[in-house]
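Observations on the model geometry
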Amino acid sequence: PKGNYEDPQLYTDARGNFHCFYHVYTTNLPSFDCVNSTVSAHAFSRDGYEWHISKTQPYDSQLEIRVPQGNGQDVQHQKNTATTTRFITLATRERPKPLFNRDGI
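Everything quoted here is computed from the prediction, not taken from an experiment.

1. Some thoughts on unusual backbone geometry
For Asp 7, which is not a glycine, the phi torsion comes out positive at approximately 55 degrees. Its location among the elements puts Asp 7 in strand 1 (residues 4-12). Positive phi is not limited to glycine here, since Arg 95 has a value of about 40 degrees. Structurally, Arg 95 is set in the segment after strand 6 (83-89).

Now the structure itself:
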């Protein structure tokens, strides 16, 4: 994606391939157009020398959240509570941080 790249987060996967996530920003969009803004990039390499950049962002400016449904009671501590899915548009997403499970995935 076009833009200014910063805050690289480099890691290797289980097969030894290199990956790097970036925060990407552009300054040419109006502030009300955050839905279409570029916020991230993913570069990858087999050897760490020759790099390729994905044409699509690994994540965008939309954040999906699940909000508990309830009747006014404290539903945060109840199990099996029904939820509603909502999307929030963020102006930017700073400093990507990959998270891994115990198996490194």
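2. Let's talk about the sheet that holds strand 3 (residues 40-45)
Strand order across the open sheet formed by four strands is 1-2-3-4, with antiparallel pairing between neighbours. This sheet does not close on itself; its edge strands, each paired only once, are strand 1 and strand 4 (52-53).

3. As for the packing of aromatic side chains
Applying the stated criterion to the full structure yields four aromatic pairs. Ring centres 5.2 Å apart and planes at 65 degrees place the aromatic pair Tyr 11 and Phe 100 in the edge-to-face group. With a gap of 89 residues between them, Tyr 11 in strand 1 and Phe 100 in the segment after strand 6 connect regions that are remote in the sequence. Taking the relative accessible area as the measure of exposure, Phe 100 reaches 43% and is therefore partly exposed. Here the aromatic residues Tyr 11, Phe 21 and Phe 100 are joined through ring pairs into a cluster of three or more.

4. Quick word on the pairing of strand 3
With five of its six residues buried, strand 3 lies for the most part within the structure. Here six bridges tie strand 2 (residues 18-25) to strand 3, and the two strands are oriented antiparallel to one another. Note on strand 3: the bridge partner recorded for Phe 18 is Ser 45. Judged from the two bridges that link them, strand 3 and strand 4 form a sheet pairing that is antiparallel. In the sheet register, Ala 43 faces strand 4, and the bridge partner there is Ile 53. Turn length for the strand 3-strand 4 hairpin, with the two strands adjacent in sequence and antiparallel, is six residues, and the turn residue Gly 48 shows positive phi of about 85 degrees.

5. Focus on the confidence of the model for the chain
Taken over all residues, the pLDDT of the chain has a mean of 82, while the share at 70 or more is 82%. Here strand 5 (residues 62-68) stands out as the least confident element of the chain, with mean pLDDT 85; strand 4 is the most confident, with 96.

6. Observations regarding the pattern of salt bridges
On inspection of all chains with the given rule, the structure shows one salt bridge. Linking Glu 64 and Arg 66 is a salt bridge whose minimum nitrogen-to-oxygen distance equals 3.3 Å. Owing to a relative accessible area of 41%, Glu 64 belongs among the partly exposed residues under this scheme. Given the relative accessible area of 58%, Arg 66 is considered exposed.

7. Observations regarding the side chain of His 42
Relative to the assigned elements, His 42 resides in strand 3. Among the residues examined, His 42 registers a relative accessible area of 16% and is labelled buried. Reaching out from His 42, the side chain makes a polar contact with the side chain of His 19 at a distance of 2.9 Å. Beyond its immediate chain neighbours, meaning those up to four positions away, His 42 contacts His 19, Cys 20, Phe 21, His 52, Ile 53, Ser 54 and Pro 58.

Procedures and definitions
Residues numbered from 1 in each chain as written. Predicted model: local features only at pLDDT ≥ 70, side-chain atom pairs only at ≥ 80, totals over all residues. Heavy atoms only, no water. Helix = DSSP H or I, 4+ residues; strand = E, 2+ residues; numbered from the N terminus. Pairing = 2+ DSSP bridges. Phe/Tyr/Trp six-rings, centres within 6.5 Å; stacked < 30°, edge-to-face > 60°. Buried < 20%, exposed > 50% of the residue type's maximum accessible area, 1.4 Å probe, protein only. pLDDT = per-residue confidence, 0-100. Salt bridge = Lys/Arg side-chain N within 4 Å of Asp/Glu carboxyl O. Polar contact = N/O pair within 3.5 Å; in protein donor to acceptor, adjacent residues only side chain to side chain. Contact = heavy atoms within 4.5 Å.

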